[in-house]
Amino acid sequence: MKKICALLALGLVLFSCSKGEDRYISELKPVFEVDMPTAFAKDSVTNIPIRYKKQSTCHLYNGLYYNREGLTRTVAINTIKINEDNCQTDLNTNVQVNLAFRPEALGTYRFKFWIGEDALGVDQFIEYDAVVNH
């Protein structure tokens, strides 16, 4: 219960309103590298390392965008950008996060990791197939 109260308090501090301005913006960031296994065991959790570029000192990791459709999984990085005047560009910091994947069915899973948009605004993906055979 104490943890829930602490999380709620932190959420209020981070997301409180200020003089009509948005203090933060939620942004999806592209994945640039994945260490993708080719096989998984059913009902077993495997951590899939995913890397992305931080972009600035005002961008904070806020979990993964994760969409399930049948055996297809679409993944992107969800960040929060805090609106501050003193943000420093930081394109050299690579951040690694893990996707904890637990397949519930046998079959071939398709993973689509969002890598951004092309010049026409069409979403681009790195795609992997992984077999769950035991």
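Residues numbered from 1 in each chain as written. Predicted model: local features only at pLDDT ≥ 70, side-chain atom pairs only at ≥ 80, totals over all residues. Heavy atoms only, no water.

Caption draft 1: Spotlight on the overall build of the protein chain. Summing up its helical and strand segments, the protein chain has 1 helix and 9 strands in all. Reading the protein chain from its N end, one meets helices and strands in the order α-β-β-β-β-β-β-β-β-β. Counting every position in the protein chain, which comprises 134 residues, the buried fraction comes to 28%. Put simply, of all contacts in the protein chain between residues at least 6 apart along the chain, 62% involve residues at least 24 apart. (Helix = DSSP H or I, 4+ residues; strand = E, 2+ residues; numbered from the N terminus. Buried < 20%, exposed > 50% of the residue type's maximum accessible area, 1.4 Å probe, protein only. Contact = heavy atoms within 4.5 Å.)

Caption draft 2: Representation of the sheet that holds strand β2 (residues 33-34) within the structure. Taken in spatial order, the 3 strands make up an open sheet running β2-β4-β7, and their pairing is antiparallel. In this open sheet, the two edge strands, each paired with only one partner strand, are β2 and β7 (89-101). Taken together, the 2 bridges between β2 and strand β4 (residues 46-56) define a ladder with antiparallel strand orientation. In the strand pairing of β4, Val34 is matched with Ile50. (Pairing = 2+ DSSP bridges.)

Caption draft 3: Spatial organisation of the pattern of salt bridges. Applying the stated criterion across every chain yields a total of 9 salt bridges. Taking the shortest distance from any N to any O, the salt bridge between Arg51 and Asp35 comes out at 2.9 Å. Of this pair, Arg51 sits in strand β4 while Asp35 sits in the loop between β2 and β3 (39-40); the two residues are 16 residues apart in sequence, bridging distant segments of the chain. For Arg51, a relative accessible area of 12% corresponds to the buried category. (Salt bridge = Lys/Arg side-chain N within 4 Å of Asp/Glu carboxyl O.)

Caption draft 4: Region of the structure containing the nonpolar core. Among the nonpolar cores identified, the biggest contains 18 residues, and Val34, Met36, Phe40, Ile48, Ile50, Phe111 and Phe113 are the most heavily contacted of them. Those elements giving two or more residues to this core turn out to be β4, β6 (72-82), β7, β8 (107-117) and β9 (123-132). The element contributing the most residues to this core is β7, with 4 residues. Not counting residues within four places of it along the chain, the set of residues in contact with Ile48 comprises Val34, Asp35, Met36, Pro37, Phe40, Val97, Asn98, Leu99, Phe101 and Phe111. (Core = buried A, V, L, I, M, F, W, Y, C linked by side-chain atoms within 4.5 Å.)

Caption draft 5: Representation of the pairing of β6 within the structure. Here β6 lies mainly inside the structure; 9 of its 11 residues are buried. The pairing of strand β1 (residues 24-29) with β6 spans 6 bridges and is antiparallel. Across the sheet, residue Leu28 finds its bridge partner in β6, namely Asn78. Direction of pairing for strand β5 (residues 59-69) relative to β6: antiparallel, over a ladder of 9 bridges. Residue pairing across strands places Tyr65 opposite Ala76, the latter belonging to β6. Connecting β5 to the next strand, β6, in antiparallel fashion are 2 residues, including Gly70 with a positive phi near 60°. In this sheet, β8 lies alongside β6 in parallel orientation, the contact comprising 4 bridges.

Caption draft 6: Molecular detail of the environment of Thr79. Position of Thr79 relative to the elements: it lies in strand β6. Overall, Thr79 belongs to the buried group, its relative accessible area being 1%. Each C-alpha atom of the pair Thr79 and Leu28 lies 6.0 Å from the other, and the pair is 51 residues apart in sequence. Excluding anything up to four places from it in sequence, Thr79 contacts Ile25, Ser26, Glu27, Lys29, Tyr52, His59, Leu60, Tyr61 and Asn62.

Caption draft 7: Quick peek at the state of the cysteines. Under the counting rule described, the total for this entry stands at 1 disulfide. The residue that forms a disulfide with Cys58 is Cys87, at a sulfur-sulfur distance of 1.9 Å. For the disulfide bridge between Cys58 and Cys87, the dihedral angle about the S-S bond is near -100°, and by the sign convention the bridge is left-handed. A residue pair is termed long-range when its members are at least 10 positions apart, and Cys58 in the loop between β4 and β5 and Cys87 in the loop between β6 and β7 qualify at 29 residues. (Disulfide = S-S within 2.5 Å.)

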